[in-house]
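Each chain, written out:
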Amino acid sequence: MNWITHPETAADLDRIREVNLAAFPTSHEADLVEALRADREAWIPGLSWVAQEPGGAVAGYALLTRCHVDGAPALTLGPCAVRPEHQRRGAGSAAVRAALDAAREQGESLVLVLGHAEYYPRFGFTPASGHGIRPPFDVEDKYMMALVLDPARPVPSGTIRYPAAFGV
């Protein structure tokens, strides 16, 4: 399917919440999106993306927010969500790719994700430890990944500091 992607608008807010509520067993991720949206230090306009069917229903969602690696700015990817009836049809990938492209266009240089080791490498993510980047909690190495958006810029190393809404 050819998904239509665009940065979130005010008209998308309820639909984004619905996608997150449908994709996850609790409201944690939906609540996290709203908390991040309210955090002026974490939220970056233009980095919250939806994937829609040609008919207009929002099927997928991807969010990039500000984090830091030992004081250097970076982005964290997540939550990412797809309505169950649209999973494995490319909606999530379309939203993630659109968000990553927007981050590149905004001059960002590094994105971090804690996620499925089989899914995120398709976008170019590799283990963050290869860059000397580590999370502030214990997790198996293959799940904490980094994507360098601008290889001409130095990649910071150190410990990730997530936005407060993540609670870590």
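The structure under discussion appears in the preceding block.
Read on for a plain summary of the structure. On a predicted model such as this, the values are computed, not experimentally measured, just so you know.

What counts, and where the lines are drawn
Every chain is numbered on its own, with residues counted from 1 as its sequence reads. In keeping with the model being predicted, local features are shown solely for residues with a pLDDT of at least 70 and side-chain atom pairs are shown and tallied solely at 80 or more, while totals for entire chains, interfaces and linings include all residues. Working from all heavy atoms in the structure, the side-chain values ignore hydrogens and water. Nonpolar cores are built from buried Ala, Val, Leu, Ile, Met, Phe, Trp, Tyr and Cys residues. Side-chain atoms within 4.5 Å join them into one set. For every residue, the accessible area (1.4 Å probe, protein chains only) is compared with the maximum for its type, and the residue is labelled buried under 20%, exposed over 50%, or partly exposed between those bounds. Counting from the N terminus, the helices are the DSSP runs of H or I reaching at least four residues and the strands are the DSSP runs of E reaching at least two. Residue contacts follow a heavy-atom distance rule, with two residues in contact if any of their heavy atoms lie within 4.5 Å. Axis angles are defined between N-to-C directions and span 0 to 180 degrees, where every axis is a line fitted to C-alpha atoms and, for a helix, only to the segment in contact. Charged means Asp, Glu, Lys or Arg here, nonpolar means Ala, Val, Leu, Ile, Met, Phe, Trp, Tyr, Cys or Pro, and polar covers whatever is left, Gly included. It is the directions from the helix axis to the C-beta atoms whose arc is reported. Any two strands with at least two DSSP-identified bridges between them are counted as paired. For Phe, Tyr and Trp, rings pair up if their centres lie within 6.5 Å, where Trp contributes its six-membered ring, and each pair is then called stacked (planes under 30 degrees apart), edge-to-face (over 60) or tilted (otherwise).

1. Concerning the nonpolar core
- Leu64, Leu77, Leu100, Val111 and Phe125 are the most contacted members of the largest nonpolar core, which has 27 residues in total.
- The dominant element in this core, judged by the number of residues it contributes, is helix 3 (residues 91–105), at 8 residues.
- Residues in contact with Leu77, not counting those within four places in the same chain, are Ala62, Leu63, Leu64, Val96, Val111, Leu112, Val113, Tyr120 and Phe125.
- Of all hydrophobic cores here, the second largest spans 12 residues; its members include Leu32, Val33, Val58 and Tyr61.

2. With respect to the packing of helix 1 (residues 13–23) against helix 2 (residues 28–38)
- Two elements in contact, helix 1 and helix 2, have axes separated by 8 Å at closest approach and are oriented at 145 degrees. From helix 1, Leu13, Ile16, Arg17, Asn20 and Leu21 reach across to helix 2, where they touch Glu29, Ala30, Asp31, Val33, Glu34 and Arg37.
- Here the contact of helix 1 with helix 2 is composed, by residue class, of 5 nonpolar, 1 polar and 5 charged.

3. As for helix 2
- Within the span of helix 2, buried status applies to Ala30, Leu32, Val33 and Leu36. Down the axis, helix 2 shows its buried residues gathered within 160 degrees of arc, on one side only.
- Against the buried residues of helix 2 lie helix 1, strand 3 (58–69) and strand 4 (72–82).

4. A closer look at the pairing of strand 9 (residues 158–161)
- Two strands pair when backbone bridges link them, and strand 3 and strand 9 are joined in this way by 2 bridges, in the antiparallel orientation. The residue bridging Val69 from the neighbouring strand is Ile160, located in strand 9.
- Across 2 bridges, strand 7 (residues 133–134) lies against strand 9 in parallel orientation. Residue pairing across strands places Arg134 opposite Thr159, the latter belonging to strand 9.

5. Thoughts on the packing of aromatic side chains
- A full pass over the atoms with the stated rule returns 6 aromatic pairs.
- Aromatic side chains Tyr119 and Phe123 sit 5.4 Å apart centroid to centroid with 70 degrees between the ring planes, which places their arrangement in the edge-to-face category.
- According to the relative accessible area criterion, Phe123 is buried, its value standing at 9%.
- For the pair Tyr120 and Phe123, a centre-to-centre distance of 6.2 Å together with 45 degrees between the ring planes defines the contact as tilted.
- Clustering of aromatic rings is evident, with ring pairs tying together Tyr119, Tyr120, Phe123 and Phe125.

6. Focus: the pairing of strand 2 (residues 48–52)
- Among the 5 residues of strand 2, 5 are classified as buried, and the element is accordingly described as predominantly covered.
- Here strand 2 shows no split at all, with Ser48, Val50 and Gln52 on one side and Trp49 and Ala51 on the other all buried.
- Bridge count for strand 1 (residues 4–7) against strand 2 is 4 bridges, and the pairing is antiparallel. When the sheet's bridge partners are listed, His6 is paired in strand 2 with Val50.
- Of the pairings in the sheet, the one linking strand 2 to strand 3 comprises 5 bridges and is antiparallel in character. In the strand pairing of strand 3, Ser48 is matched with Leu63.
- Taking the residues that link successive antiparallel strands as the turn, the strand 2-strand 3 hairpin has 5 residues, and the phi of Gly56 there is positive, at about 110 degrees.

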